[in-house]
Amino acid sequence: MSDPVSEVAIGQRRLELATRLAAVRQSIADAATATGRKPSDITLVVVTKTWPPTDVRILADLGVGDVGENRAQEAAAKHSKCSELPLRWHFIGQLQTNKCHLVVDFVDLVHSVDRSSLVTALDRSVLQARREPLMALVQVNLDAPSSVSVERGGVAPAQALALAAQIASTGGLILGGVMGVAPLGVDPQPAFEQLREVSEAILDEYPSATIVSAGMSGDYVAAINAGATHVRMGAAVLGRRAYLE
Ligand SMILES: *Cc1c(COP(=O)(O)O)cnc(C)c1O
């Protein structure tokens with residue numbers, strides 16, 4: 001049954017991922033400790049977009065508990081090949097309202113809720129799927145007004161509390177906190193500090209919305225410095241993506 005060639009390839013890939021994962025975990029732990037937090041306060045979400053189900057399997061075997069995907073179809077297809085693994089699935093990409101039904105069956109946390117119509121659509125999909133309530137984060141746009149928008153979505157900081165309130169008012173969604181992507185090519189620290197301020201304003205009204213999803217492979221240390229509870233890392237663990245996501 002087993003193909004010796006692919007077994008060798010998987011063994012090599014496992015070694016590669018184990019090495020990078022160990023380095024990333026150590027670096028996250030160091031960053032947490034440096035800011036007086038416990039390493040266990042930071043959740044590593046390994047972003048598996050563009051990578052095959054075999055990699056997801058290896059990651060689960062290496063003790064990864066959280067994986068992230070940014071496209072509904074890709075996420076659903078990959079999950080269907082890995083559904084028995086003990087993983088939490090995070091949806092981190094822009095989500096069209098007509099694709100919600102593709103992800104609500106298996107996703108544990110949607111990081112990228114950035115508009116009222118998406119709250120309504122997700123809530124409806126959750127109720128139709130008869131699943132337990134789905135945790136949702138408010139994605140906040142952290143681009144400086146002057147910077148070139150990279151179209152990665154996100155509600156304006158001033159609108160975040162209102163969107164949080166809408167999420168909290170639904171039956172199908174649980175408000176988990178906030179998510180942000182720092183602008184590229186500039187110091188990310190001010191953006192992450194802005195996200196922290198939005199998080200604190202939401203926490204004042206919704207004390208259980210403690211999640212701050214911030215930081216990717218290039219800027220996770222700055223994000224942890226600014227209070228990130230979840231870092232979303234692809235390239236640092238899996239390598240550079242061969243094609244555009
Ligand atoms: C792809 C992606 C990541 C991971 O990016 P890396 O640079 O590979 O770590 C994190 N967050 C979002 C929203 C993404 O789309």
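What counts and how
- Residues numbered from 1 in each chain as written.
- Predicted model: local features only at pLDDT ≥ 70, side-chain atom pairs only at ≥ 80, totals over all residues.
- Heavy atoms only, no water.
- Patch = residues over 30% accessible without salt bridge, like charges linked within 9 Å, V, L, I, M, F, W, Y side chains within 5 Å.
- Areas by Shrake-Rupley, 256 points an atom, 1.4 Å probe, with all protein chains shown as cover.
- Salt bridge = Lys/Arg side-chain N within 4 Å of Asp/Glu carboxyl O.
- Lys, Arg positive; Asp, Glu negative; His and termini not counted.
- Charge placed at Lys NZ, Arg CZ, Asp CG, Glu CD.
- Helix = DSSP H or I, 4+ residues; strand = E, 2+ residues; numbered from the N terminus.
- Core = buried A, V, L, I, M, F, W, Y, C linked by side-chain atoms within 4.5 Å.
- Buried < 20%, exposed > 50% of the residue type's maximum accessible area, 1.4 Å probe, protein only.
- Contact = heavy atoms within 4.5 Å.
- Pairing = 2+ DSSP bridges.
- Near = heavy atom within 4 Å.
- Polar contact = N/O pair within 3.5 Å; in protein donor to acceptor, adjacent residues only side chain to side chain.
- Nonpolar A, V, L, I, M, F, W, Y, C, P; charged D, E, K, R; others polar.
- Axes fitted to C-alpha atoms, helices over the stretch in contact; angles between N-to-C directions.
- Parallel < 35°, antiparallel > 145°, perpendicular 65-115°, else oblique.
- Left-handed = near helix turned anticlockwise from the far one by under 90°.

(A) Structural context of a negative patch on the surface. The grouping of E197, E200, D204 and E205 at the surface amounts to a negative patch. For D204, the location among the structural elements is in helix α7 (residues 189-205).

(B) Molecular detail of the nonpolar core. The biggest cluster of nonpolar side chains holds 69 residues, and the ones touching the most others in it are I28, L122, V138 and V231. Setting aside anything within four residues of it in sequence, one finds V138 in contact with H111, V113, V155, A160, L163, A164, I167, L175, G177, V178 and M179. Ranked by size, the runner-up nonpolar core spans 5 residues in total, among them L109, L137, V181 and I211.

(C) Main features of the pairing of strand β8 (residues 230-233). Taking every second residue as pointing to the same face, both faces of β8 are buried, with H230 and R232 on one and V231 and M233 on the other. Of the pairings in the sheet, the one linking strand β1 (residues 43-47) to β8 comprises 4 bridges and is parallel in character. By the bridge assignment, T43 is partnered in β8 with H230.

(D) Structural detail: the site of the ligand. What surrounds the ligand is the set V47, K49, I92, M179, M216, S217, R232, M233, G234, A235 and R241. Between an oxygen atom of the ligand and a main-chain N or O atom of G234, the distance comes to 2.8 Å. Summarising the interface, the protein chains cover 87% of the accessible area of the ligand, which totals 390 Å² for the free molecule. Class assignment for the residues of the shell around the ligand results in 6 nonpolar, 2 polar and 3 charged.

(E) Layout of the packing of helix α5 (residues 116-129) against helix α6 (residues 160-168). Running from N to C, α5 and α6 cross one another at 15°; their axes reach a closest spacing of 10 Å. It follows from the interaxial angle that α5 and α6 lie roughly parallel. By crossing handedness, the relation of α5 to α6 is classed as right-handed. Contacts between α5 and α6 involve S116, V119 and T120 on the former and, on the latter, L163, Q166 and I167.

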